[in-house]
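Observations on chain architecture
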Amino acid sequence: MEHVKRPVCIVLFLCSAAMACNQEDPNPADGREKRPQAQADLAAITDPVELLRALETAQGFDRALIQERLGLTREAIHSWNQVARQDSGRSREAIENRRRLERRPDPLREWKPNDVQQALDRRDAAALSKIVRAFPADAAQLFEKSDLRDRARARLFATALATAGEHYPMAVVEAMERTRDPEALEQGLAAMKKGEYRRAVPLLERAGNPLHLAARYYASASEREIAILDPTLPHLKPEYRELASRIHSWRANLLEFDNKLFEAYADYDRALEFAKGEPTSTARVLNRRSSNYSYIGNIEAAFRDAHRAVSLLEHIADTNARNLAHSTAAMAARQLGHPVVALHYQNAAVDDVQRVVNAATPSARPGANRELVVALRARAEIHVALGQNADAEGDLATAEALAEAVDKPLDRDLFRMRIREVRGQTLLKTSPAEAAVAFSEAIELAKDQDSTYRAILHFQRATAWREAGDPRADGDLATAMAILRDEVQGALAASPGLAAKPLWDPYFSRFREMYRELIESRIADRDFENAFVYSELARAFEPMQILLQSRSATPGFRPIETVADLQQAHALLPEDTVILQYLVLPARTFTWVVMRERVVPVSQRTTRDQVDRWMRNAIAAVAGGQSDLFTKAMRGAYGELFREPLKLAGASKTRIVIVPDEPMYGFPFNGLVGTADEGYLIERASIATAGSTSLYLYALARNRQLSNDRNPPVLLVGDPAFPVGDPALPSERLVHAKEEVAELERDYYPGAEVLTDTAATVRSFLAKARNAGIIHFAGHGLASPQAPWQSRLLLAPDGAESGELSAEQLMKELPVLERTRLVVLGACSSIGGGSLGPQGLPPLVRPLIGARVPAVVGTLWDVQDASSKQLLVSLHCHYRHGDDVAVALRNAQLGMLRKQEPTMTAMHWAAFQVVGYAASPYPRPIALENPSSEHLCSQNSVHRPDGLHPQ
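For every chain, the first residue of its written sequence is number 1, and the numbers climb from 1 along that sequence. This being a predicted model, a pLDDT of at least 70 is required before a residue's local features are given, and a value of 80 or more before pairs of side-chain atoms are given or counted; all residues contribute to the totals for chains, interfaces and linings. Each side-chain value is derived from all of the structure's non-hydrogen atoms; neither hydrogens nor water enter the calculation.

So, the overall build of the protein chain
Condition: Numbered from the N terminus, helices here are DSSP runs of H or I no shorter than four residues, and strands are runs of E no shorter than two. For the radius of gyration, the atom set is restricted to C-alpha positions; the globular benchmark scales as 2.2 Å times the number of residues to the power 0.38. For every residue, the accessible area obtained with a 1.4 Å probe (protein chains only) is divided by the maximum for its type, and the residue is called buried under 20%, exposed over 50%, and partly exposed between those limits. Throughout, a residue-residue contact means that at least one pair of heavy atoms, one from each residue, lies within 4.5 Å. Per-residue and other accessible areas were derived by the Shrake-Rupley procedure at a 1.4 Å probe size, with only the shown protein chains allowed to occlude residues. When charges are counted, Lys and Arg are positive and Asp and Glu negative, with His and the chain ends excluded. All charge positions are set by atom: Lys at NZ, Arg at CZ, Asp at CG, Glu at CD.
Helix and strand content of the protein chain: 42 helices and 14 strands. Against the globule reference of 30 Å for 951 residues, the protein chain gives a C-alpha radius of gyration of 32 Å, in line with a compact fold. Based on the C-alpha atoms only, the size of the protein chain along its principal axes is roughly 105 × 75 × 60 Å. With 951 residues in all, the protein chain has 58% of them scored as buried. Partitioning the contacts of the protein chain with sequence separation of at least 6, the portion at a separation of at least 24 is 70%. Just so you have it, the protein chain exposes about 38,700 Å², and 50% of that area is on carbon and sulfur atoms. Here the protein chain contributes 114 positive and 122 negative side-chain charges, whose respective centroids are spaced 2 Å apart.

Have a look at this one:
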């Protein structure tokens, strides 16, 4: 599972603050003056993920504070003791904090079901009410499984629960008193008492008693069938707090079993609404949702949910809820790269469950032992991550013995499966062949498990096979990939809108490293064609599925999914085109040079760190206006990444398509420059980018499919009237954007439609885009690196609409653009400014590609209004005179390059980049001797392609 990147500046600040607080200071007074500031810094941290990271370097007082806030009670008590011994100035405060933690209530001691039964036997309403108020959710479940045939006893119990906010039991009691079928009621209650829930359901329904809802829940939980549960949903009332929350939480869990990970979130939301903050019910939902976040790949969200659940534990007695809270926190902490902290959480889970086992009655012990199996297995996995294999084996041996005593075959097989998985992990380094056997046993037992887990098992067995030198490794990796492809296909087919979900990117990115391993193994075996195919599947699969599942097929296109597809694909490339597809590895870079004649692999010594450095320097140069630093970064990248592949391509390739790998995303390829003799790359060829070779081939095919209407309708959007004065938005309108659109309106006369000022609303834009052949947006754009799907274009407000058109909204609401060949996003950072997602497609571009647009032009960083207008008007001029969009952009940029104005550097024009391909639908004027010359549009042309000035 890939770790989430850290915001380095925040982490470094927190770490340095923590270290400053705890360094020995020769001046005690100064030291005391500094410490409160550090505490203030810690107090300002509200995000548990940041607390987790700050813990890495925190010492002394700060370390104890962070541990306490993370719910690591035992570790915090130990740290307070250390502070008391080592820091004389704070020993009293430390001792008070330790005592406060030691005095915290212990729910495992306070909740005693026998006390409830005794209070009921004595008809002691006061004692009963006191227990129930402290643990209403536990008492509500105890009520459902009680012998309710004693009406007086049942009413007393229900009354106590009603005073604690749980009204479902009273509804059951009142329905018993007015039942329409006493015989069915008695039989239903008897079946419930015996645990015969399937039989109880129709009897209780016939009796008109809402206890049938609980019976359906228990039957569904036993058989893992969502169809049993769904009939309960219309009958769930807000006052059925605990039961309704439990039902929706379990329904979400069942959806996950069916690989419907995203659909589960609606049920989790409903479960939290019903819980209304009650600790046990809330924690149960958070625990399960945390696990789902971990599966999807949003590990930070997983830890936040788990931390919320842990913070409620002083009010929770339910063993399962406590176990899961600690275990989900442990899982997320480990995935975030904190295995020691993960072990602390899991130790707490094991200690909790062991206490329950030790205190359990004979009838309750099997259930407690099942919880202990889960806790020990999870701890064993953390021990493996820490290299503590002996400790892991000890936990596994105990868990295995307990698992074999479990009476339910389904549970027993589940435990065996997870134990075999962890045993395989313990054997991986010492005996990989035995590890493969253990993983094989787990795979056999996992036939009915969700697809993600089965893929993980195949991936782990592939690692074991590779360690053992067994060629079966690649087969397992391919199987894992196929499982995941089927899962994604099914998810998109069931819910096409999933691709617009913020969680979709982390979900699709989860197994990037698995693909990398498979690609590298193929390269190591010199199987370069299959390596390329797997590279394609890793990059292009998700947008390809969106395009392939759209209603309109594109003739002549097939994505690259096999070597045969690859052989057919490069034969479809134009003779003058070369695709450079990159794979940047830690120690080297691999490039496929894809031409019509052949595919040539190139191995280069460029490291990932070097690529990262060029990217950082380019960004810093743009931010600081340092043209020399920018040129140095462009020269370095050209020499190390492009010179050798371009030599192989030869001088006849005048169209270069770059398929970058992750560290190259957002790089200004149009600004690449070589030696003085080589000059800028755009001086020898046009440049376009693509998310993958398949996506570029799709753009070619889609472009051919579009009508050659010589006067296509053009939609021009300029300087929308967004609300100036909002501190979250830019402070000024764009004067030159309105001028830009006015010039383009004259140039595209009579086929242009213009939206400016207050007319440029989201609704108008989406409606008019449907029939446009060319769309041009000249206005403000806002990139959102932390939340890419919230990157947006600013249009004019309209009633309740704010005018902010986000990438997420575009993905959901943009219609299929059957006529659109080209979209130009003349806004700041419209194709850059943050994460490009697992496919290498910018957030605002992905919806347009999904809407079947073959080419998009945009900017990689903030651009000046005036220079943007100059370049984009020139681009459209060349496009109107027959150049395809990449050539048109090249000629516009060459025009700016050769003006040699002192204030005009490459940073002013290299931000503009083409994604995809779009030919010009306009005829090339016969009178032009050199129709692709950049001098053609060196002045702002106001002539139509036929040479006539519009009226």
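Examining the nonpolar core
What counts is decided by this rule: The term nonpolar core refers to a set of buried residues drawn from Ala, Val, Leu, Ile, Met, Phe, Trp, Tyr and Cys, joined through side-chain atoms within 4.5 Å.
Residues Trp592 and Phe642 are the most contacted members of the largest nonpolar core, which totals 204 residues. Element by element, the count of residues in this core is highest for helix H31 (residues 528–548), at 10 residues. Counting residues in each nonpolar core, the second largest holds 55 residues, with Ala140, Ala191, Met192 and Leu203 among its members.

Let's talk about helix H20 (residues 299–311)
Selection criterion: For a helix, the expected span equals 1.5 Å multiplied by the residue count minus one.
Relative to the 18 Å expected for 13 residues at 1.5 Å per residue, H20 spans 18 Å between its end C-alpha atoms, a close match to the ideal helical length. Where burial is concerned, most of H20 is hidden: 10 out of the 13 residues are buried. Taken together, the buried positions of H20 are Ile299, Glu300, Ala301, Ala302, Phe303, Asp305, Ala306, His307, Ala309 and Val310. At its buried positions, H20 is contacted by helix H3 (48–54), helix H4 (60–69), helix H19 (279–296), helix H21 (319–335) and helix H22 (339–359).

So, the sheet that holds strand E9 (residues 781–782)
Where we set the bar: DSSP bridges decide pairing: two strands pair if at least two such bridges lie between them.
Strand order in this open sheet of 3 strands is E9-E10-E11, and the pairing throughout is antiparallel. Looking along the sheet, the strands with just one partner apiece sit at the ends: E9 and strand E11 (804–806).

Brief notes about the pairing of strand E8 (residues 774–778)
With 5 of 5 residues buried, E8 lies mostly within the body of the structure. Neither face of E8 is exposed, since Ile774, His776 and Ala778 on one face and Ile775 and Phe777 on the opposite face are all buried. Here strand E6 (residues 714–720) pairs with E8 via 5 bridges, running parallel. Each residue of the ladder has a partner; that of Val717, found in E8, is Phe777. Looking at chain direction, E8 and strand E12 (residues 822–826) are connected through 5 bridges and run parallel.

Topic: the side chain of Thr179
The condition that has to hold: Any pair of N or O atoms that falls within 3.5 Å is considered a polar contact. Within protein, one atom must be able to donate a hydrogen and the other to accept it, and sequence-neighbouring residues count only if both atoms are side-chain atoms.
If you trace the backbone, Thr179 turns up in the loop between helix H12 (168–177) and helix H13 (182–194). From its side chain, Thr179 meets the backbone nitrogen of Asp181 in a polar contact 3.3 Å long. The residues contacting Thr179, other than those within four sequence positions of it, are Leu185 and Ala207.

Re the confidence of the model for the protein chain
Formally: pLDDT gives the predictor's per-residue confidence on a scale running from 0 to 100.
Confidence in the prediction for the protein chain averages 87 pLDDT; 90% of positions are at 70 or higher. Considering only residues more than four positions removed or in separate chains, one finds that residues 939–951, a stretch of pLDDT under 50, has 26 contacts.

A few points about the environment of Gln581
Mapped onto the secondary structure, Gln581 falls in strand E1 (residues 577–584). Overall, the relative accessible area of 0% leaves Gln581 in the buried class. With residues near it in sequence (within four places) discarded, Gln581 still touches Phe532, Ser535, Glu536, Arg539, Phe590, Thr591, Trp592, Val659, Ser692 and Thr693. At 3.2 Å, the side chain of Gln581 forms a polar contact with the side chain of Ser535. There is a polar contact of 3.0 Å between the side chain of Gln581 and the side chain of Glu536.

Looking at unusual backbone geometry
Geometrically, the link from Tyr749 to Pro750 is a cis peptide bond, its omega value of 5 degrees lying close to zero. The backbone phi angle of Arg224 is positive, close to 55 degrees, even though this residue is not glycine. Relative to the helices and strands, Arg224 resides in the loop between helix H15 (211–223) and helix H16 (226–229). A relative accessible area of 25% places Arg224 in the partly exposed class. One non-glycine residue, Asp757, adopts positive backbone phi at about 50 degrees.

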